[in-house]
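Understanding the architecture of this molecule
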Amino acid sequence: MTIAPVACLDQVPALVEPRIRDLIGRLDPRNQRVTAYQLGYCDADGAPTTAGGKGIRPALALLSARAAGHPPERGVAAAAAVELAHNFSLLHDDVMDQDTMRRHRPTAWAVFGTAAAILAGDALMILAHDALAGDSGPGRVQAARRLDADVHRLIAGQAADLEFEHRDDVSLDECLAMTADKTAALMSCACTLGALLCGAPAAVTRGLSRFGTHLGMSFQLVDDQLGIWGEPGRTGKPVGSDLRARKKSVPIVHALTSGTAAGDAFRTLYASTHEPQEADLRTASRLLEESGSRDWVQDEADRHLAHALDELAALELPADVHNDLVDLARLVTGRDH
Ligand SMILES: CC(C)=CCC/C(C)=C/CC/C(C)=C/COP(=O)(O)OP(=O)(O)O
(Lines give C-alpha, C1' and ligand atoms only; values in the text may rest on other atoms or scores of the structure.)
Protein backbone atom coordinates (compact mmCIF):
# COMPACT_ATOMS: atom_id res chain seq x y z
CA MET A 1 0.00 0.00 0.00
CA THR A 2 1.77 3.19 -1.14
CA ILE A 3 0.67 6.72 -0.38
CA ALA A 4 1.06 8.46 -3.74
CA PRO A 5 1.98 10.87 -5.12
CA VAL A 6 5.52 11.22 -3.80
CA ALA A 7 8.08 10.03 -6.32
CA CYS A 8 10.59 8.67 -3.79
CA LEU A 9 8.00 6.24 -2.34
CA ASP A 10 7.50 4.79 -5.82
CA GLN A 11 11.16 3.82 -5.91
CA VAL A 12 10.87 1.50 -2.91
CA PRO A 13 9.21 -1.50 -4.64
CA ALA A 14 11.61 -1.34 -7.60
CA LEU A 15 14.83 -0.79 -5.66
CA VAL A 16 14.34 -2.29 -2.21
CA GLU A 17 11.89 -5.14 -2.63
CA PRO A 18 14.27 -7.29 -4.75
CA ARG A 19 16.94 -7.00 -2.03
CA ILE A 20 14.47 -7.95 0.69
CA ARG A 21 13.12 -10.86 -1.38
CA ASP A 22 16.67 -12.08 -1.86
CA LEU A 23 17.30 -11.90 1.90
CA ILE A 24 14.12 -13.70 2.96
CA GLY A 25 14.88 -16.31 0.30
CA ARG A 26 17.73 -17.41 2.59
CA LEU A 27 15.32 -18.43 5.34
CA ASP A 28 13.88 -21.88 5.84
CA PRO A 29 10.57 -22.39 3.98
CA ARG A 30 8.39 -21.89 7.08
CA ASN A 31 9.95 -18.54 7.94
CA GLN A 32 9.93 -17.53 4.28
CA ARG A 33 6.17 -17.96 4.19
CA VAL A 34 5.45 -15.90 7.28
CA THR A 35 7.94 -13.14 6.49
CA ALA A 36 6.70 -12.85 2.88
CA TYR A 37 3.15 -12.55 4.24
CA GLN A 38 4.20 -9.90 6.77
CA LEU A 39 5.98 -7.91 4.08
CA GLY A 40 2.86 -8.05 1.91
CA TYR A 41 4.35 -10.12 -0.89
CA CYS A 42 1.79 -12.91 -0.66
CA ASP A 43 -1.46 -13.95 0.94
CA ALA A 44 -1.90 -16.72 3.52
CA ASP A 45 -1.82 -19.34 0.75
CA GLY A 46 1.32 -17.94 -0.84
CA ALA A 47 -0.43 -16.24 -3.81
CA PRO A 48 1.32 -12.97 -4.82
CA THR A 49 -0.08 -9.71 -3.37
CA THR A 50 0.98 -6.10 -3.01
CA ALA A 51 -0.15 -5.63 0.56
CA GLY A 52 2.98 -4.19 2.18
CA GLY A 53 3.41 -1.08 4.27
CA LYS A 54 3.73 2.48 3.05
CA GLY A 55 7.50 2.22 2.70
CA ILE A 56 8.24 5.45 4.56
CA ARG A 57 11.44 4.27 6.27
CA PRO A 58 13.06 2.74 3.16
CA ALA A 59 12.16 5.86 1.17
CA LEU A 60 13.92 7.97 3.81
CA ALA A 61 17.01 5.74 3.59
CA LEU A 62 17.15 6.08 -0.21
CA LEU A 63 16.81 9.85 0.17
CA SER A 64 19.58 9.96 2.77
CA ALA A 65 21.95 8.38 0.23
CA ARG A 66 20.91 11.08 -2.25
CA ALA A 67 21.40 13.75 0.43
CA ALA A 68 24.97 12.45 0.75
CA GLY A 69 25.45 13.06 -2.98
CA HIS A 70 24.99 9.49 -4.21
CA PRO A 71 22.33 7.75 -6.31
CA PRO A 72 19.45 6.13 -4.39
CA GLU A 73 20.83 2.68 -5.25
CA ARG A 74 23.61 3.33 -2.72
CA GLY A 75 20.97 3.47 -0.01
CA VAL A 76 19.35 0.12 -0.80
CA ALA A 77 21.11 -1.85 1.96
CA ALA A 78 20.11 0.79 4.51
CA ALA A 79 16.55 0.85 3.19
CA ALA A 80 16.23 -2.94 3.38
CA ALA A 81 17.71 -2.97 6.89
CA VAL A 82 15.26 -0.44 8.33
CA GLU A 83 12.23 -1.97 6.62
CA LEU A 84 13.18 -5.42 7.95
CA ALA A 85 13.74 -4.08 11.46
CA HIS A 86 10.42 -2.21 11.26
CA ASN A 87 8.57 -5.38 10.25
CA PHE A 88 10.29 -7.36 13.00
CA SER A 89 8.81 -4.86 15.47
CA LEU A 90 5.33 -4.99 13.90
CA LEU A 91 5.25 -8.80 13.99
CA HIS A 92 6.11 -8.85 17.68
CA ASP A 93 3.91 -5.87 18.49
CA ASP A 94 0.84 -7.57 17.00
CA VAL A 95 1.52 -10.65 19.13
CA MET A 96 1.95 -8.56 22.28
CA ASP A 97 -1.16 -6.48 21.63
CA GLN A 98 -3.11 -9.48 20.28
CA ASP A 99 -4.13 -7.26 17.35
CA THR A 100 -5.88 -9.28 14.66
CA MET A 101 -5.87 -6.73 11.80
CA ARG A 102 -3.03 -4.77 10.19
CA ARG A 103 -2.87 -3.18 6.74
CA HIS A 104 -6.48 -4.25 6.06
CA ARG A 105 -5.84 -7.97 6.57
CA PRO A 106 -5.33 -10.47 9.39
CA THR A 107 -2.06 -10.11 11.27
CA ALA A 108 0.61 -12.76 10.76
CA TRP A 109 0.10 -14.34 14.18
CA ALA A 110 -3.66 -14.55 13.54
CA VAL A 111 -2.90 -16.52 10.34
CA PHE A 112 0.15 -18.60 11.26
CA GLY A 113 0.07 -18.67 15.07
CA THR A 114 1.99 -16.86 17.78
CA ALA A 115 5.16 -18.96 17.72
CA ALA A 116 5.52 -18.68 13.94
CA ALA A 117 5.08 -14.89 14.09
CA ILE A 118 7.66 -14.49 16.86
CA LEU A 119 10.20 -16.62 14.99
CA ALA A 120 9.58 -14.73 11.75
CA GLY A 121 10.15 -11.45 13.61
CA ASP A 122 13.43 -12.78 15.02
CA ALA A 123 14.50 -13.84 11.53
CA LEU A 124 13.71 -10.40 10.06
CA MET A 125 15.86 -8.65 12.67
CA ILE A 126 18.82 -10.91 11.83
CA LEU A 127 18.24 -10.23 8.13
CA ALA A 128 18.35 -6.49 8.82
CA HIS A 129 21.96 -6.97 9.87
CA ASP A 130 22.62 -9.26 6.92
CA ALA A 131 21.43 -6.43 4.67
CA LEU A 132 24.04 -4.06 6.11
CA ALA A 133 26.77 -6.70 6.17
CA GLY A 134 26.27 -7.24 2.44
CA ASP A 135 27.05 -3.59 1.66
CA SER A 136 30.53 -2.56 0.58
CA GLY A 137 30.21 1.06 1.76
CA PRO A 138 32.70 2.73 4.10
CA GLY A 139 30.34 3.16 7.06
CA ARG A 140 29.08 -0.41 7.39
CA VAL A 141 30.23 -1.00 10.96
CA GLN A 142 29.02 2.39 12.14
CA ALA A 143 25.67 1.77 10.44
CA ALA A 144 25.30 -1.62 12.17
CA ARG A 145 26.05 -0.04 15.56
CA ARG A 146 23.55 2.72 14.91
CA LEU A 147 20.88 0.19 13.93
CA ASP A 148 21.51 -1.75 17.15
CA ALA A 149 21.32 1.38 19.28
CA ASP A 150 18.04 2.44 17.69
CA VAL A 151 16.48 -1.02 17.92
CA HIS A 152 17.43 -1.06 21.63
CA ARG A 153 15.49 2.20 21.94
CA LEU A 154 12.57 0.72 20.02
CA ILE A 155 12.48 -2.19 22.46
CA ALA A 156 12.74 0.16 25.47
CA GLY A 157 9.91 2.27 24.04
CA GLN A 158 7.74 -0.79 23.56
CA ALA A 159 8.46 -1.94 27.13
CA ALA A 160 7.43 1.49 28.44
CA ASP A 161 4.29 1.51 26.27
CA LEU A 162 3.20 -1.86 27.66
CA GLU A 163 3.99 -0.85 31.24
CA PHE A 164 1.98 2.36 30.87
CA GLU A 165 -1.18 0.34 30.14
CA HIS A 166 -1.08 -0.78 33.79
CA ARG A 167 -0.25 2.58 35.34
CA ASP A 168 -2.56 5.52 35.95
CA ASP A 169 0.18 8.03 36.87
CA VAL A 170 1.98 8.30 33.51
CA SER A 171 3.25 11.84 32.94
CA LEU A 172 3.21 13.60 29.59
CA ASP A 173 7.03 13.76 29.64
CA GLU A 174 7.26 10.00 30.14
CA CYS A 175 4.80 9.47 27.33
CA LEU A 176 6.73 11.73 24.93
CA ALA A 177 10.00 9.97 25.86
CA MET A 178 8.33 6.64 25.10
CA THR A 179 7.24 8.02 21.71
CA ALA A 180 10.79 9.16 20.94
CA ASP A 181 12.08 5.65 21.66
CA LYS A 182 9.28 3.59 20.16
CA THR A 183 8.96 5.41 16.84
CA ALA A 184 11.26 8.39 16.33
CA ALA A 185 14.46 6.36 16.88
CA LEU A 186 13.89 4.06 13.89
CA MET A 187 12.71 6.94 11.71
CA SER A 188 15.89 8.81 12.57
CA CYS A 189 17.87 5.62 11.90
CA ALA A 190 16.31 5.40 8.43
CA CYS A 191 17.41 8.97 7.71
CA THR A 192 20.94 8.26 8.91
CA LEU A 193 21.94 4.84 7.61
CA GLY A 194 22.00 5.70 3.90
CA ALA A 195 24.28 8.66 4.64
CA LEU A 196 26.55 6.53 6.84
CA LEU A 197 26.94 3.85 4.17
CA CYS A 198 27.88 6.58 1.68
CA GLY A 199 30.52 8.02 4.02
CA ALA A 200 28.71 11.37 4.25
CA PRO A 201 30.28 14.19 6.29
CA ALA A 202 29.36 13.95 9.99
CA ALA A 203 27.44 17.24 9.88
CA VAL A 204 25.16 15.91 7.12
CA THR A 205 24.60 12.62 8.95
CA ARG A 206 23.80 14.43 12.20
CA GLY A 207 21.43 16.86 10.50
CA LEU A 208 19.56 14.02 8.80
CA SER A 209 19.40 12.18 12.12
CA ARG A 210 17.77 15.19 13.83
CA PHE A 211 15.41 15.64 10.87
CA GLY A 212 14.35 11.99 11.30
CA THR A 213 13.81 12.38 15.03
CA HIS A 214 11.45 15.33 14.59
CA LEU A 215 9.72 13.66 11.67
CA GLY A 216 9.29 10.48 13.73
CA MET A 217 7.75 12.43 16.62
CA SER A 218 5.33 14.17 14.28
CA PHE A 219 4.55 10.85 12.56
CA GLN A 220 3.73 9.09 15.85
CA LEU A 221 1.61 11.98 17.12
CA VAL A 222 -0.43 11.75 13.92
CA ASP A 223 -0.57 7.96 14.39
CA ASP A 224 -1.88 8.47 17.92
CA GLN A 225 -4.64 10.69 16.57
CA LEU A 226 -5.52 8.08 13.95
CA GLY A 227 -5.67 5.43 16.70
CA ILE A 228 -8.56 7.41 18.23
CA TRP A 229 -10.17 9.42 15.45
CA GLY A 230 -8.95 7.53 12.36
CA GLU A 231 -11.39 6.17 9.79
CA PRO A 232 -11.18 2.34 9.98
CA GLY A 233 -11.68 2.11 6.20
CA ARG A 234 -8.45 4.11 5.79
CA THR A 235 -6.33 2.94 8.75
CA GLY A 236 -7.12 -0.77 8.44
CA LYS A 237 -7.63 -0.90 12.22
CA PRO A 238 -10.90 -1.13 14.20
CA VAL A 239 -12.55 2.14 15.27
CA GLY A 240 -11.10 3.56 18.49
CA SER A 241 -8.48 0.79 18.61
CA ASP A 242 -6.23 2.58 21.14
CA LEU A 243 -9.19 3.38 23.41
CA ARG A 244 -10.36 -0.24 23.34
CA ALA A 245 -6.87 -1.39 24.33
CA ARG A 246 -6.71 1.32 27.03
CA LYS A 247 -3.45 2.57 25.56
CA LYS A 248 -1.63 5.53 27.12
CA SER A 249 -0.89 7.29 23.87
CA VAL A 250 -0.03 11.00 23.91
CA PRO A 251 -3.59 12.38 23.43
CA ILE A 252 -4.86 10.12 26.19
CA VAL A 253 -2.11 11.01 28.67
CA HIS A 254 -2.54 14.68 27.77
CA ALA A 255 -6.23 14.47 28.66
CA LEU A 256 -5.59 12.49 31.86
CA THR A 257 -3.10 15.09 33.05
CA SER A 258 -4.96 18.16 31.75
CA GLY A 259 -6.75 18.98 34.99
CA THR A 260 -9.89 19.81 32.96
CA ALA A 261 -13.40 18.62 33.81
CA ALA A 262 -13.49 16.72 30.51
CA GLY A 263 -10.13 15.10 31.29
CA ASP A 264 -11.41 14.01 34.73
CA ALA A 265 -14.59 12.59 33.19
CA PHE A 266 -12.43 10.75 30.67
CA ARG A 267 -10.32 9.31 33.53
CA THR A 268 -13.46 7.93 35.20
CA LEU A 269 -14.66 6.37 31.94
CA TYR A 270 -11.21 4.94 31.17
CA ALA A 271 -10.96 3.36 34.64
CA SER A 272 -14.15 1.38 34.10
CA THR A 273 -13.48 -2.33 33.76
CA HIS A 274 -16.29 -3.25 31.41
CA GLU A 275 -15.70 -3.91 27.70
CA PRO A 276 -16.23 -0.53 25.96
CA GLN A 277 -19.32 -0.28 23.77
CA GLU A 278 -19.63 1.96 20.68
CA ALA A 279 -21.33 4.64 22.81
CA ASP A 280 -18.44 4.59 25.34
CA LEU A 281 -15.92 5.05 22.53
CA ARG A 282 -17.89 8.00 21.16
CA THR A 283 -18.07 9.59 24.62
CA ALA A 284 -14.37 8.99 25.23
CA SER A 285 -13.30 10.61 21.96
CA ARG A 286 -15.63 13.58 22.62
CA LEU A 287 -14.17 14.07 26.11
CA LEU A 288 -10.65 13.94 24.68
CA GLU A 289 -11.56 16.68 22.22
CA GLU A 290 -13.21 18.79 24.96
CA SER A 291 -10.12 18.46 27.16
CA GLY A 292 -8.10 20.08 24.35
CA SER A 293 -6.00 16.97 23.69
CA ARG A 294 -6.70 16.66 19.99
CA ASP A 295 -5.69 20.27 19.31
CA TRP A 296 -2.63 20.02 21.58
CA VAL A 297 -1.38 16.90 19.81
CA GLN A 298 -1.93 18.48 16.40
CA ASP A 299 0.02 21.59 17.48
CA GLU A 300 2.81 19.37 18.80
CA ALA A 301 2.89 17.37 15.53
CA ASP A 302 3.06 20.64 13.57
CA ARG A 303 5.85 21.95 15.83
CA HIS A 304 7.97 18.83 15.25
CA LEU A 305 7.34 19.01 11.50
CA ALA A 306 8.52 22.63 11.51
CA HIS A 307 11.70 21.62 13.40
CA ALA A 308 12.27 18.79 10.92
CA LEU A 309 12.01 21.21 8.01
CA ASP A 310 14.38 23.67 9.74
CA GLU A 311 16.96 20.88 10.11
CA LEU A 312 16.64 20.12 6.41
CA ALA A 313 16.97 23.75 5.39
CA ALA A 314 20.16 24.05 7.43
CA LEU A 315 21.74 21.22 5.40
CA GLU A 316 21.50 23.27 2.18
CA LEU A 317 20.94 20.15 0.07
CA PRO A 318 20.48 20.27 -3.72
CA ALA A 319 16.93 21.36 -4.54
CA ASP A 320 15.75 18.01 -5.95
CA VAL A 321 16.58 15.92 -2.87
CA HIS A 322 15.56 18.72 -0.49
CA ASN A 323 12.16 18.96 -2.16
CA ASP A 324 11.64 15.19 -2.13
CA LEU A 325 12.41 15.07 1.61
CA VAL A 326 10.03 17.97 2.26
CA ASP A 327 7.28 16.31 0.20
CA LEU A 328 7.70 13.02 2.06
CA ALA A 329 7.73 14.78 5.44
CA ARG A 330 4.54 16.68 4.63
CA LEU A 331 2.87 13.56 3.32
CA VAL A 332 3.60 11.33 6.31
CA THR A 333 2.53 13.95 8.80
CA GLY A 334 -0.63 14.87 6.88
CA ARG A 335 -1.74 11.28 6.24
CA ASP A 336 -5.05 9.69 7.17
CA HIS A 337 -3.78 6.08 7.32
C1 LIG B 1 10.07 -4.25 19.89
C2 LIG B 1 8.71 -3.93 19.49
C3 LIG B 1 7.70 -5.00 19.50
C4 LIG B 1 8.44 -2.66 19.13
C5 LIG B 1 7.15 -2.18 18.60
C6 LIG B 1 7.26 -0.74 18.30
C7 LIG B 1 6.10 -0.24 17.49
C8 LIG B 1 5.04 -1.16 17.03
C9 LIG B 1 6.05 1.03 17.17
C10 LIG B 1 4.95 1.59 16.34
C11 LIG B 1 5.54 2.30 15.20
C12 LIG B 1 4.51 2.58 14.16
C13 LIG B 1 3.71 3.81 14.28
C14 LIG B 1 4.31 1.72 13.18
C15 LIG B 1 3.46 1.94 12.00
O16 LIG B 1 4.30 2.47 11.01
P17 LIG B 1 3.82 2.63 9.52
O18 LIG B 1 2.49 3.31 9.49
O19 LIG B 1 4.92 3.27 8.75
O20 LIG B 1 3.65 1.13 9.08
P21 LIG B 1 3.50 0.49 7.62
O22 LIG B 1 4.79 -0.22 7.35
O23 LIG B 1 2.36 -0.46 7.77
O24 LIG B 1 3.21 1.59 6.64
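Right above here is the structure, for reference.
All values reported here derive from a predicted model rather than from experimental measurement. (Residues numbered from 1 in each chain as written. Predicted model: local features only at pLDDT ≥ 70, side-chain atom pairs only at ≥ 80, totals over all residues. Heavy atoms only, no water.)

Concerning the site of the ligand
Where we set the bar: Put simply, a residue is near a molecule or strand once any heavy atom of it comes within 4 Å of that molecule or strand. Polar contacts, as counted here, are pairs of nitrogen or oxygen atoms within 3.5 Å of one another; within protein the pair requires one atom able to donate a hydrogen and one able to accept it, and residues that are adjacent in sequence qualify only if both atoms are side-chain atoms. Areas reported here follow the Shrake-Rupley algorithm with a probe of radius 1.4 Å; residue values treat only the protein chains shown as occluding. Elements are defined by DSSP. Helices are runs of H or I of four residues or more, strands are runs of E of two residues or more, and each kind is numbered from the N terminus.
Taken together, 18 residues are adjacent to the ligand, and Lys-54, Arg-57, His-86, Arg-103 and Gln-220 come closest. Within the contact set of the ligand, an oxygen atom lies 2.6 Å away from a side-chain nitrogen or oxygen of Lys-54. Contact distances for the ligand include 2.8 Å between an oxygen atom and a side-chain N or O atom of His-86. Computed on the free molecule, the ligand has an accessible area of 640 Å², of which 93% lies beneath the protein chains in the complex. Among the elements of the structure, α5 (76-97), α8 (140-164), α9 (172-197) and α10 (202-229) are those that each provide at least two residues to the shell around the ligand.

Considerations on helix α1 (residues 7-15)
Formally: Each residue is placed in one exposure class: buried if its accessible area under a 1.4 Å probe, protein chains only, is under 20% of its type's maximum, exposed if it is over 50%, and partly exposed if it falls in between. The arc in question is formed by the directions pointing from the helix axis toward the C-beta atoms. Whether two residues are in contact is decided by their heavy atoms, any of which lying within 4.5 Å being enough.
Buried within α1 we find Cys-8, Leu-9, Val-12 and Leu-15. Looking straight down α1, one finds that the buried residues subtend no more than 130° of arc, so they occupy a single side. Every exposed residue of α1 that faces more than 90 degrees away from the buried side is listed here: Ala-7 and Ala-14. Close packing links the buried residues of α1 with α2 (17-24), α4 (56-67), α5 and α17 (319-333).

Points about the packing of aromatic side chains
Ring pairs (aromatic) are described by centroid distance and by the angle formed between their planes. To keep things clear, this is the line we draw: Only rings of Phe, Tyr and Trp enter the pairing, Trp through its six-membered ring, and a pair is recorded when the two centres are within 6.5 Å. The plane angle decides the type: under 30 degrees is stacked, over 60 is edge-to-face, the rest tilted.
This model, assessed by the stated rule, comprises two aromatic pairs. With a centroid separation of 5.4 Å and 80° between ring planes, the pair formed by Tyr-37 and Phe-112 is classed as edge-to-face. Of this pair, Tyr-37 sits in helix α3 (residues 29-38) while Phe-112 sits in helix α6 (residues 108-112); the two residues are 75 residues apart in sequence, bridging distant segments of the chain. Residue classification places Tyr-37 among the buried residues on the basis of a relative accessible area of 4%.

Focus: the nonpolar core
Threshold: Only buried residues count toward a nonpolar core, which is a set of Ala, Val, Leu, Ile, Met, Phe, Trp, Tyr and Cys residues joined through side-chain atoms within 4.5 Å.
Of all hydrophobic cores here, the largest spans 82 residues; its most connected members are Ile-24, Leu-60, Leu-147, Leu-193, Phe-211, Leu-325 and Leu-328. For Phe-211, the contacting residues outside a window of four places in its chain are Leu-60, Cys-191, Ala-308, Glu-311, Leu-312, Leu-325 and Ala-329. Residues Leu-172, Leu-221, Leu-226 and Val-297 belong to the second largest nonpolar core, which totals 17 residues.

Here's the deal with the pattern of salt bridges
Note that side chains of opposite charge can pair when their charged atoms are close. Note the following rule: Whenever a carboxyl oxygen of Asp or Glu lies within 4 Å of a side-chain nitrogen of Lys or Arg, that contact is scored as a salt bridge.
If you walk through the whole model with that rule in mind, you get 24 salt bridges. Two residues, Asp-169 and Arg-167, come together in a salt bridge whose shortest N-O distance is 2.8 Å. Residue class for Asp-169 comes out exposed when judged on its relative accessible area of 51%. Connected through shared salt-bridge partners, Asp-97, Asp-161, Glu-165, Lys-182 and Lys-247 make up one network.

Side note on the environment of Pro-18
Residue placement: Pro-18 occurs in helix α2. For Pro-18, a relative accessible area of 44% translates into the label partly exposed.

Structural notes on the environment of Gly-40
Inspection of the secondary structure assignment puts Gly-40 in the loop between α3 and α4. The class of Gly-40 is buried, set by a relative accessible area of 2%. Sequence separation of Gly-40 and Val-239 is 199 residues, and the distance between their C-alpha atoms is 23 Å. What Gly-40 contacts, discounting residues up to four positions off in sequence, is Thr-49, Thr-50, Ala-51, Gly-52 and Arg-105.

So, unusual backbone geometry
Positive phi values are uncommon outside glycine, yet Gln-98 reaches one of about 55°. Relative to the elements of secondary structure, Gln-98 occurs in the loop between α5 and β1 (101-102). Of the residues examined, Gln-98 reaches a relative accessible area of 45% and is grouped as partly exposed. Of note, Arg-246 is a non-glycine position whose phi angle comes to about 50°, a positive value.

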